[in-house]
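Here's the letter readout for the chains.
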2 protein chains.
Amino acid sequence: MTASVRERLTTSLATASKADRILANFMLSELSSLPFETAASLAAKVDVSEPTVGRFCRTLGYKSFKDLKDHLKQDIGQQPWLVSDRLRELRERAAAGEDQLAAGLELEISALVSIYELARTPEWTRVVKRLASTPNVYAVGFQTERGMAQILVNQLQYLRDGVRMLDLAGGSFAEVLVSDPAQSCLVIFEARRYSRLSRDLAIEAKKVGIPVTLVTDPFCDWGRDLVDEMFVVPTEFNQFWESTAQMASLANLLVNGVFLELGPKVEARMEIVTQLYSQFTGYVGKPVNRTSQSGGKPA
Amino acid sequence: MTASVRERLTTSLATASKADRILANFMLSELSSLPFETAASLAAKVDVSEPTVGRFCRTLGYKSFKDLKDHLKQDIGQQPWLVSDRLRELRERAAAGEDQLAAGLELEISALVSIYELARTPEWTRVVKRLASTPNVYAVGFQTERGMAQILVNQLQYLRDGVRMLDLAGGSFAEVLVSDPAQSCLVIFEARRYSRLSRDLAIEAKKVGIPVTLVTDPFCDWGRDLVDEMFVVPTEFNQFWESTAQMASLANLLVNGVFLELGPKVEARMEIVTQLYSQFTGYVGKPVNRTSQSGGKPA
DNA sequence: GTATCAATGAAAGTTTTCTAACATTTTGTC
DNA sequence: GACAAAATGTTAGAAAACTTTCATTGATAC
């Protein structure tokens, strides 16, 4: 009993009464403006009474029309992505109240979707090109987000020269801030916890004219007018505090973009770097996948 | 005076007060889920009062938050906002070959699902309990995976004492390896690139009897008989090489588990740590979410 | 035809959401 | 550092949204 709103509406069509069927039909065709409706406004539109709307939602298994809307929000809907029935099972458990986790899963999935959407924006393309071509690339992040910066830097280093991780260890960020702005760019990973540091850095970078890309959570209230691109990653997954985990996917996608941009010419470099790592850390395999992409032409 | 909601929000950023700017930014970041919010729920998320939300909407020229939503309806227009629709769109592009990346999305989603499945296993529970109770917790990862270890360590430190990140900087891993095995445990984040180091460490740890949890990719061929728990995270997402991004989700889930295990008694500590961070990095907000879980009893 | 029952609506009650008035805090100024 | 002005939070009350109860309608069975 954990069908999506759309599914429930569709199945209800078979058995529903006249008024209910009208409602179901209307809702299905106007699914996308449903969140803006209220039980009363809906009732008026299809010319039934308000209680009928409420009752209908209850026969569908929701507590009220508002409850239906709430489900719509989390509704990832249809099977296509249903990775087997494993997920369904998780969701059913969640519905039974046994599993707080499953609700978080849906939120993480929807965060992933947003990230892949970001990767289709013009800003994304701009950043990727910049990361591929600017001589000096700096990335920075504090505390947890440092890990994200590290992912970006490590992988980019396989692909190109001049990629560095910034650090407050030196006491200032002189490294970037006194570099030639035309030759440098900066990526900041941020979450609300560490706002001030990131913000100060962004301000200074703007002052000297270094392009800044900010990856942050929806709570960031200072980025928009300071940075060149701002990528907002959802971070609320029903956990006891926010999780920036999905920023890692974003970092990887960025790196992948740079790879596509640079094209096969990086392969020689990758060989060498791989060998070096191998020499110092005992790695034996190849980091490069054998996916079709790797041989393909750059985008 | 017929600007779109987005435009109005953006222009307001220039002149708005602090709370208003926070609101505007958040709204801009979460435009697509705004219709589901209510003035109160929004207020709670960005931690301002309810009337502030109403007032802000009025300064934007709307009658109320509800009125803003009504206008949003026109703005959002045809653009799909339901996660299911957005996902479908990406999938269609992938199928049409227009979007190389989108093909990887499904794989990432399914990786996420497997992680949430892991979180339901007895091994998981065992690790969580161990991470909550063992006096000394060590985590380690090399290169990219170092970022994952960092996530775990950073967040665990909010919750408890005695959590450390291991490092090869010292040349050996003496720190763990000569500690009292009954008082220590170790989490290794690994991907095939750095197999040897991780493996050597695991071997030594086993020798001295320290419990080891291994988080790795599906290519790891040495873990099973060496470690106490082995969590395998999918890493092939159609990118030019493997991505361990979803390990970040795993790390976060682990931390969340420990939080639930420790229960409300950690809140005092969290307050202190938060304050310390604030002192040194200028963080001003609260890291703790106000989700229902946070107040709830431990699992 | 009429008795019965499901479906629906009307009206009144309850809860949620929003607003107005006032108190408090913050910010800026001198 | 004290004052004024602006911004924000608190409290309580108005409005809206939703539910419940009960009356009415209209279909179906006999």
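Residues numbered from 1 in each chain as written. Chains lettered and ligands numbered in written order. Predicted model: local features only at pLDDT ≥ 70, side-chain atom pairs only at ≥ 80, totals over all residues. Heavy atoms only, no water.

Engineer: Help me get a handle on the environment of L197(A), residues and values and all.
Structural biologist: All names here are of chain A. Within the secondary structure, L197 is located in helix α11 (residues 195–208). A relative accessible area of 12% places L197 in the buried class. Between the C-alpha atoms of L197 and L168, which are 29 residues apart in sequence, the distance is 9.3 Å. (Helix = DSSP H or I, 4+ residues; strand = E, 2+ residues; numbered from the N terminus. Buried < 20%, exposed > 50% of the residue type's maximum accessible area, 1.4 Å probe, protein only.)

Engineer: So what's going on with unusual backbone geometry? Residues and values would help.
Structural biologist: All names here are of chain A. Although it is not a glycine, D47 adopts a positive phi angle of roughly 60°. Inspection of the secondary structure puts D47 in the loop between α3 (39–46) and α4 (50–60). D47 gets classed as exposed once you look at its relative accessible area, which sits at 68%. For Q143, which is not glycine, the phi torsion reads 50° and is therefore positive. For Q143, a relative accessible area of 22% corresponds to the partly exposed category.

Engineer: Go over the protein's contact with DNA strand D with me, naming the residues and quoting the values.
Structural biologist: The full set close to DNA strand D counts 21 residues, and T38(A), A39(A), S64(A), S17(B) and A19(B) are the nearest of them. Of everything in DNA strand D that lies within 4 Å of the protein, sugar and phosphate atoms constitute 66%. Contact between DNA strand D and R58(A): a phosphate oxygen at 3.1 Å from a side-chain N or O atom of the residue. At a separation of 3.4 Å, a phosphate oxygen of DNA strand D approaches a polar side-chain atom of S64(A). When contributions to the surface near DNA strand D are tallied by element, the ones reaching two or more residues are α3 and α4 of chain A together with α2 (18–29) and α4 (50–60) of chain B. Of the residues assigned to the surface near DNA strand D, the class counts are 6 nonpolar, 5 polar and 10 charged. (Near = heavy atom within 4 Å. Polar contact = N/O pair within 3.5 Å; in protein donor to acceptor, adjacent residues only side chain to side chain. Nonpolar A, V, L, I, M, F, W, Y, C, P; charged D, E, K, R; others polar.)

Engineer: Would you mind going over the sheet that holds strand β4 (residues 212–216) of chain A in detail, with residue names and values included?
Structural biologist: All names here are of chain A. On the basis of which strands lie adjacent, the open sheet formed by 5 strands has the order β2-β1-β3-β4-β5 and parallel pairing. Edge positions in the sheet fall to β2 (163–165) and β5 (229–232), since each has one partner strand and no second. Going across the sheet, the axis of each strand differs from the next one's by a mean of 15°, ignoring polarity. Note that strand β1 (residues 136–141) and strand β3 (residues 184–189) share 6 bridges and pair parallel. Within the sheet, the bridge partner assigned to V137 lies in β3 and is C185. (Pairing = 2+ DSSP bridges. Axes fitted to C-alpha atoms, helices over the stretch in contact; angles between N-to-C directions.)

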